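# Structural characterization, general
Chain by chain, the residues:
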Amino acid sequence: MEFQNDEGSVLLRKRVLRIVGIVASVLILWVIQPFTYENIDAGNVGIKINLYGTDRGVDNITIVTGRVWYNTWTTKIIEFPTFTQSVDYEPFVVTTRDAAEFQVDPKLNYHINPTMVPQIYRQYRKTLGEIEQQFMRNTIYDAYRIVANSFTSDSVMSNREKFEDRIQILLTKNLGKDGFIYDQLTSAISPPASLRQMIDEKNASIQARLKAENEAKQAIAEATVSKAKAEGEAAATLVRARAEAEANRLKQQSLTPLLVQQQVIQKWDGKLPQYGTVPQFFKNITQ
C-alpha cells in the first residue's frame with residue numbers, strides 16, 4: 001500500500017513539473033518572441049525597413065501609417081513627424097563684406113514633405129533630431145554666411161528686409177530639395193558693439209534734428225498766427241476809424257445853422273443865462 005502511494009506521488013510531481021515547464025516555456029517564448037506592432041499617429045509617417053533577406057537595406061523602404069505589425073528581428077520601423085517643427089539654434093557669428101561681425105540667433109520653423117521621408121532616411125541614416133543639428137544647421141549657417149558676405153555692415157541694418165529675403169530664398173531651395181519645407185525663420189541678428197553705438201548716435205542726432213525742425217516749424221506757425229491776428233486787429237481798427245470818420249463827415253454836412261438852432265431850442269429849459277451875453281437867437285425870441 002505504501003509502495004502505491006509513493007508511486008502516485010512521483011507521478012503527481014512529474015505532472016506538476018511538466019505543467020510548470022510548459023508554462024515557463026510559453027512565458028519565455030512570449031517574452032522573446034519578435035512580433036510586435038507600432039502605432040503611427042496622425043501627423044507622422046513611418047517607414048518600414050527590412051534588415052534581412054533579398055530586399056534588405058534602404059533600397060526597399062515602405063511608407064506605413066496606422067497600426068503596423070512587424071518582426072523586430074528582421075524589420076525596423078522609424079517614425080518621422082510631418083507637422084511643423086520649431087528648432088531654436090545656438091547663436092553663431094557671420095562676417096559682412098567690410099569685415100563686421102554680426103551675431104545671429106536663428107529659430108527655424110519647417111515641416112517634412114511626407115512623400116520624401118524614404119529619401120531623407122536613405123540620404124542621412126539619422127534621426128530627425130540629429131539631422132536638425134547637423135545638416136540643417138550647416139545649411140542655415142551657410143545661407144547667412146553667403147548672404148552676409150554680399151552686404152556691408154550699414155546695408156545689413158538699412159536693408160534688413162532685403163537681407164532676410166535672400167536668406168529665405170537660399171533656405172527654401174537648399175532645404176526643399178532634400179524634403180524639408182521652409183516655413184519661417186527668425187534671425188534675431190545683432191550688430192557689433194561699435195556699430196550699435198554708431199547707430200545709436202546717428203539715431204540720437206536724427207531725433208535732435210527732427211526735434212529742432214519741429215520746434216522751428218512750430219515757432220514759424222505761431223509767428224504766422226500772431227501776425228495774422230495783429231493784421232486782423234489793425235484792419236478792424238482801420239475799418240472802425242474809417243467808419244467813424246465817415247460818420248462824422250456826414251454828420252458835419254447835415255449840421256446846418258438852422259438845424260443847430262433848432263436842436264438848441266429843443267434842449268433849452270426856458271431860462272435865460274444869468275451871466276454873460278445872451279445869444280442872438282435868444283434876443284430874437286424875447287422880442
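Before reading on, note that the structure itself is shown above.
Calculation rules
- Residues numbered from 1 in each chain as written.
- Predicted model: local features only at pLDDT ≥ 70, side-chain atom pairs only at ≥ 80, totals over all residues.
- Heavy atoms only, no water.
- Pairing = 2+ DSSP bridges.
- Helix = DSSP H or I, 4+ residues; strand = E, 2+ residues; numbered from the N terminus.
- Axes fitted to C-alpha atoms, helices over the stretch in contact; angles between N-to-C directions.
- Contact = heavy atoms within 4.5 Å.
- Buried < 20%, exposed > 50% of the residue type's maximum accessible area, 1.4 Å probe, protein only.
- Expected span 1.5 Å × (residues − 1).
- Arc of directions from axis to C-beta.

## Points about the sheet that holds strand 10 (residues 180-186)
A sheet is described by the order of its strands in space; here 3 strands give the open sequence 6-9-10, paired in antiparallel fashion. Pairing within the sheet leaves two strands with one partner each, and these edge strands are strand 6 (85-88) and strand 10. On average, each strand axis in the sheet is inclined to that of its neighbour by 25°, with strand direction left out of account. In terms of strand pairing, strand 9 (residues 107-112) meets strand 10 through 6 bridges, oriented antiparallel. The residue bridging Asn-109 from the neighbouring strand is Gln-184, located in strand 10. Of the strands in this sheet, strand 6, strand 9 and strand 10 touch helix 3 (residues 128-148), which is tilted by about 120° from strand 9.

## Thoughts on the pairing of strand 9
Alternating residues of strand 9 divide into Leu-108, Tyr-110 and Ile-112, all buried, and Lys-107, Asn-109 and His-111, none buried. Direction of pairing for strand 6 relative to strand 9: antiparallel, over a ladder of 4 bridges. Paired with Gln-85 across the strands is Tyr-110, a residue of strand 9.

## Some thoughts on unusual backbone geometry
Even without being glycine, Ala-99 reaches a positive phi, approximately 70°. By secondary structure assignment, the location of Ala-99 is in the loop between strand 7 (92-95) and strand 8 (101-104). Even without being a glycine, Arg-125 presents a positive backbone phi close to 50°. Examined against the element boundaries, Arg-125 turns out to sit in the loop between helix 2 (117-124) and helix 3.

## Description of the pairing of strand 5 (residues 75-81)
The side chains of a regular strand alternate between both faces of the sheet. A large share of strand 5 lies buried, amounting to 5 of its 7 residues. Pairing between strand 2 (residues 44-50) and strand 5: 7 bridges, direction antiparallel. Each bridged residue has a counterpart across the sheet, and for Ile-47 the counterpart in strand 5 is Ile-78.

## A look at helix 5 (residues 160-176)
Given a rise of 1.5 Å per residue, 17 residues ought to cover 24 Å, and the 24 Å separating the end C-alpha atoms of helix 5 matches this to within 8%. Every buried residue belonging to helix 5 is among Phe-163, Ile-167, Leu-171 and Leu-175, and all of these are buried. Mapping the buried residues of helix 5 onto a view down its axis gives an arc of 75°, with all of them on the same face. Along helix 5, exposed side chains directed more than 90 degrees from the buried face belong to Glu-161, Ile-169 and Lys-173.

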